[in-house]
Amino acid sequence: MNEDVLARVQKNPKFAELVSKKTSFGWMLSIVMLAIYYGFILILAFNPQSLGTSLSGGVITVGIPVGLFIIISAFLLTGVYVRKANTEFDQLTQEIVEEAKQ
Amino acid sequence: MMNRLLKRAGYVALALMPVVAMAGEAFTGEVKKAPLNIPAITMFFAFVAFTLGITYWAARRTRSASDFYTAGGGITGFQNGLAIAGDYMSAASFLGISAMVFEKGYDGLIYSIGFLVGWPVILFLVAERLRNLGKFTFADVASYRLGQTQVRILAATGTLVVVALYLIAQMVGAGKLIQLLFGMSYSSAVILVGVLMVMYVTFGGMLATTWVQIIKACILLTGASFMAFMVLASVGFSPEAMFAKAVEVKRIAAELMMTKAGAAQAAAAQAQASGAPDAAELAKKAADLTAEAGKAGKVNIMAPGGLVSNPIDAISLGLALMFGTAGLPHILMRFFTVNNAKEARKSVFFATGFIGYFYILTFVIGFGAIFLVGTNPEFKDAAGKLIGGNNMAAVHLAKAVGGDWFLGFISAVAFATILAVVAGLALSGASAVSHDLYASVIKKGKADSAAEMRVSKITTLVLGVIAIVLGIAFEKQNIAFMVGLAFSIAASANFPVLFLSMFWKGLTTKGAVIGGFAGLISAVVLIVLSPSVWVDVMGNPKGSELFPYKNPAIFSMTLAFVITWLVSVMDNSAQAQAERKLFDAQFVRSMTGIGASGASEH
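Residues numbered from 1 in each chain as written. Chains lettered and ligands numbered in written order. Predicted model: local features only at pLDDT ≥ 70, side-chain atom pairs only at ≥ 80, totals over all residues. Heavy atoms only, no water.

Overview of the overall build of chain A
When helices and strands are counted, chain A shows four helices and zero strands. Of the regular secondary structure in chain A, the N- to C-terminal order runs α-α-α-α. Relative to a compact globule of 102 residues, whose C-alpha radius of gyration would be 13 Å, chain A shows 21 Å and is clearly more extended. Structurally, chain A occupies a C-alpha span of about 70 × 25 × 20 Å along its principal axes. If you take every contact in chain A between residues at least 6 apart in sequence, the share linking residues at least 24 apart comes to 68%. When the accessible surface of chain A is split by element, carbon and sulfur atoms take 66% of a total near 5200 Å². In chain A, which carries 8 positive and 8 negative side-chain charges, the distance between the mean positions of the two groups comes to 4 Å. (Helix = DSSP H or I, 4+ residues; strand = E, 2+ residues; numbered from the N terminus. Rg over C-alpha atoms; globule rule 2.2 N^0.38 Å. Contact = heavy atoms within 4.5 Å. Areas by Shrake-Rupley, 256 points an atom, 1.4 Å probe, with all protein chains shown as cover. Lys, Arg positive; Asp, Glu negative; His and termini not counted. Charge placed at Lys NZ, Arg CZ, Asp CG, Glu CD.)

Section: the pattern of salt bridges
Summed over all chains, the structure comprises 21 salt bridges over all chains. A salt bridge links A:Lys14 to A:Glu95, with the nearest nitrogen and oxygen atoms 3.1 Å apart. Placement of A:Lys14 in helix 2 (residues 13-46) and of A:Glu95 in helix 4 (residues 63-101) is noted, with a sequence separation of 81 residues between them. For A:Lys14, a relative accessible area of 23% puts it in the partly exposed group. Under the relative-accessibility criterion, A:Glu95 is labelled partly exposed at 25%. Between B:Lys476 and B:Glu475 there is a salt bridge whose closest N-O contact spans 3.4 Å. Judged by relative accessible area, which is 53%, B:Lys476 ranks as exposed. Members of the salt-bridge network, linked through shared partners, are A:Lys22, A:Asp90, B:Glu128, B:Lys342 and B:Arg345. (Salt bridge = Lys/Arg side-chain N within 4 Å of Asp/Glu carboxyl O. Buried < 20%, exposed > 50% of the residue type's maximum accessible area, 1.4 Å probe, protein only.)

Section: helix 15 (residues 341-372) of chain B
Residue and element names in this part refer to chain B. Taking 1.5 Å per residue as the helical rise, helix 15 with its 32 residues ought to reach 46 Å, and the 46 Å between its terminal C-alpha atoms agrees with that figure. Taking burial as the measure, the 32 residues of helix 15 include 25 buried ones, the bulk of the element. The N-terminus of helix 15 is capped by Asn 340, whose side-chain oxygen sits 3.2 Å from the backbone nitrogen of Lys 342. (Expected span 1.5 Å × (residues − 1). Polar contact = N/O pair within 3.5 Å; in protein donor to acceptor, adjacent residues only side chain to side chain.)

Focus: the interface of chain A and chain B
Contacts between chain A and chain B engage 51 residues on the former and 50 residues on the latter. Put simply, chain A and chain B have three salt bridges between them. The residue A:Lys22 makes a salt bridge to B:Glu128 at a minimum N-O spacing of 2.7 Å. On the surface where chain A and chain B come into contact, there are 10 residue pairs in polar contact (both at pLDDT 80 or more). Counting residues per element, the side of chain A that touches chain B draws most heavily on helix 4 of chain A, at 20 residues. Residues belonging to the side of chain A that touches chain B are distributed by class as follows: 36 nonpolar, 13 polar and two charged. (Nonpolar A, V, L, I, M, F, W, Y, C, P; charged D, E, K, R; others polar.)

Focus: the confidence of the model for chain B
Residues and elements named next belong to chain B. When pLDDT is averaged along chain B, the result is 86, and 93% of the positions lie at 70 or above. Ranking the helices and strands of chain B by mean pLDDT puts helix 21 (residues 553-570) first, with 96, and helix 1 (residues 2-8) last, with 35. Across the whole predicted complex the pTM is 0.88, and at the interface the ipTM reaches 0.94. (pLDDT = per-residue confidence, 0-100.)

Description of the environment of B:Tyr166
Residues and elements named next belong to chain B. Tracing the backbone through its elements, the reader meets Tyr 166 in helix 9 (residues 148-182). Residue class for Tyr 166 comes out buried when judged on its relative accessible area of 3%. Measuring from C-alpha to C-alpha, the distance between Tyr 166 and Val 422 comes to 8.5 Å, with 256 residues separating the pair along the chain.

As for the nonpolar core
Nonpolar side chains in soluble globular proteins tend to end up buried together. Residue and element names in this part refer to chain B. Phe 94, Met 227 and Phe 367 are the most contacted members of the largest nonpolar core, which has 215 residues in total. Ranked by the residues each element gives to this core, the list is headed by helix 16 (residues 393-442), at 23 residues. Residues in contact with Phe 94, not counting those within four places in the same chain, are Leu 220, Ala 224, Met 227, Phe 358, Thr 362, Ile 365, Ala 394 and Ile 410. Tyr 438, Ala 439, Ala 447 and Ala 451 belong to the second-largest nonpolar core, a separate cluster that totals six residues. (Core = buried A, V, L, I, M, F, W, Y, C linked by side-chain atoms within 4.5 Å.)

What about the side chain of B:Thr51?
Residues and elements named next belong to chain B. Relative to the elements of secondary structure, Thr 51 occurs in helix 2 (residues 38-61). According to the relative accessible area criterion, Thr 51 is buried, its value standing at 0%. The residues touching Thr 51, leaving out its near neighbours within four places in the chain, are Tyr 200 and Val 212.

Focus on helix 6 (residues 106-116) of chain B
When you tally the buried positions in helix 6 of chain B, you get 11 out of 11 residues, the bulk of the element. B:Tyr106, B:Asp107, B:Gly108, B:Leu109, B:Ile110, B:Tyr111, B:Ser112, B:Ile113, B:Gly114, B:Phe115 and B:Leu116 are the residues of helix 6 of chain B that are buried.

Quick look at the packing of aromatic side chains
The relative placement of two aromatic rings is captured by the distance of their centres and the angle of their planes. Scanning all chains against the criterion turns up 39 aromatic pairs over all chains. Summarising the aromatic geometry, the rings of B:Tyr88 and B:Phe115 are spaced 6.1 Å apart at their centres and angled 75 degrees between planes, so their arrangement reads as edge-to-face. With a gap of 27 residues between them, B:Tyr88 in helix 4 (residues 77-88) and B:Phe115 in helix 6 connect regions that are remote in the sequence. Between B:Tyr549 and B:Phe555, the ring centres sit 5.8 Å apart and the planes meet at 25 degrees, which makes this aromatic pair stacked. On the basis of relative accessible area, B:Phe555 is assigned to the partly exposed category, the value being 36%. These aromatic residues form a ring-pair network of at least three members: A:Trp27, B:Phe323, B:Phe495, B:Phe499, B:Phe503 and B:Phe561. Across the ring face of A:Phe25, the terminal group of A:Lys84 is positioned such that the distance to the ring centre comes to 4.9 Å. In this structure, B:Lys250 packs its charged tip against the face of B:Phe102, placed 5.5 Å from the ring centre. (Phe/Tyr/Trp six-rings, centres within 6.5 Å; stacked < 30°, edge-to-face > 60°. Lys NZ or Arg CZ within 6 Å of the ring centre and 35° of its normal.)

This is how it looks when you write it as structure tokens:
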């Protein structure tokens, strides 16, 4: 990348917009995932009985839907990110790249 | 040749010691050889013939170094997602996690969750930056604006250590599994795996390695789906009924053990009263049985058990699994096989979906095995234990729900899985040597593509020989700690350097190298001092370990970050200042992909 292109990209307000949107969105989702997982780990460490209580009177315990929820949330969170990144962020990136060429 | 080897396979009955290793990634203990399993061998050879055909096809398309390392960058996001999932769904995670569920129920689910949750974080923070900055190895990214020589030596060391540990664990697992499933001898199994691994990689490069992984992932998912479907069908598709049945089986088993313990106690008391010479022995046996029955009675397969009892160990394990995944070289290299950042993102989306689905399947399979395998005397030995150990729960279930040919199919899939995973590992180790050490460090980036490929092929051959030799040497060793150590090193040496190089302007070469090696060395030292090596491997008395936790990541990873930061901040050399200036250009490229290496170079 030559100096001109670099300078043009850095001066482009869209680049600042992309950086702030992408970074904050990525960190936000990461924190959500970390909070879900470490919340689960902390329950396991300090109050494991709560996951062993019956969900609705049967053998299925609270822990089963909680476990499934974590697996599904991991998948859904990646889906949310990919959807937004592959449309909105990539659109913005495309514009920045085009404008840098001129 | 094959036949002679097979004929020589006798029945060697050895003590059985099934242990679900860390993540069930490795089989430990001794196993006994099974009788020759003809359907399994037939299907396995069909798989090998098919994948060698693919290797031949791939070899004709693999010309440049880019073809060799990254399949020319032409893999789609969906295909790469399957390949990444395939790297993760190793034979031992299939058999090991279903065995853990079979034995402990809910704890198995906790384990698999730890392996999954690293993926979203990799996507949000690492995947596309990695794709935009790198070319063949993650060292390309870590050394982007830093001193090539030092950082690449660090990255290559981290890669080779992780690959070696992983490879040994896989080879030993392969040897034991094949002994159990096919009735082949341990050493011939290890040699066969080593030879096939070298063939896939040297002839077919990344293209063959990826396709072998994709095909395996598909057949493994199909087979596991069928098993889970049959388990659910057997209980009328009611999860409540499935869990209830499993709980009931466990309860009856515990009661039976209680009865046995009671009888043993009565016998011991009688012997005591009549002054029989074996009274003490009987009393000890009765006490053991009572303790065992007490333990079985307490196990609640629907609730968390003892897996996560110590908060520090739990968090440390979580860190190692989550950030170790983002530092595993054979996983990271897969991000260079796709065309652009968009496809890299899609890869993680599909990979997370497939891996999550797979873990749900193993959960159902483990529970199904409790009542479909655990109650069937056909699968038990004289002492009432599962034939081949608990790691065989899924394999026995295959027979219970699908008969001999489906058993053969699942056995062949398990073997194919090992082959696909070791091929990826070998390719990753070979690229560290040829691309990082040979081309960048020794030749200072002036090596021609043909020479670089030659070096990587020779390295693969050497790695194959080393893997076979170590695989045989470690047959009787307790290797349960190895995969855990690999994850800890990846989290403590590779990940901090990679992460800071992309996110922190202040990182300097000195900081990266000193911090990276500090993470690597502290992870190794702490594992050696921990109970898993100090007591379990070196045979020191229980409780004498110098480091109380099973997993060092919380300490070694923190240490790596702190030292890297400290050394970088204190580094005010001209080189360090120049390196900080280069960050802006790197950042723009990592965000926009301008200047990123594209697909095929020809």
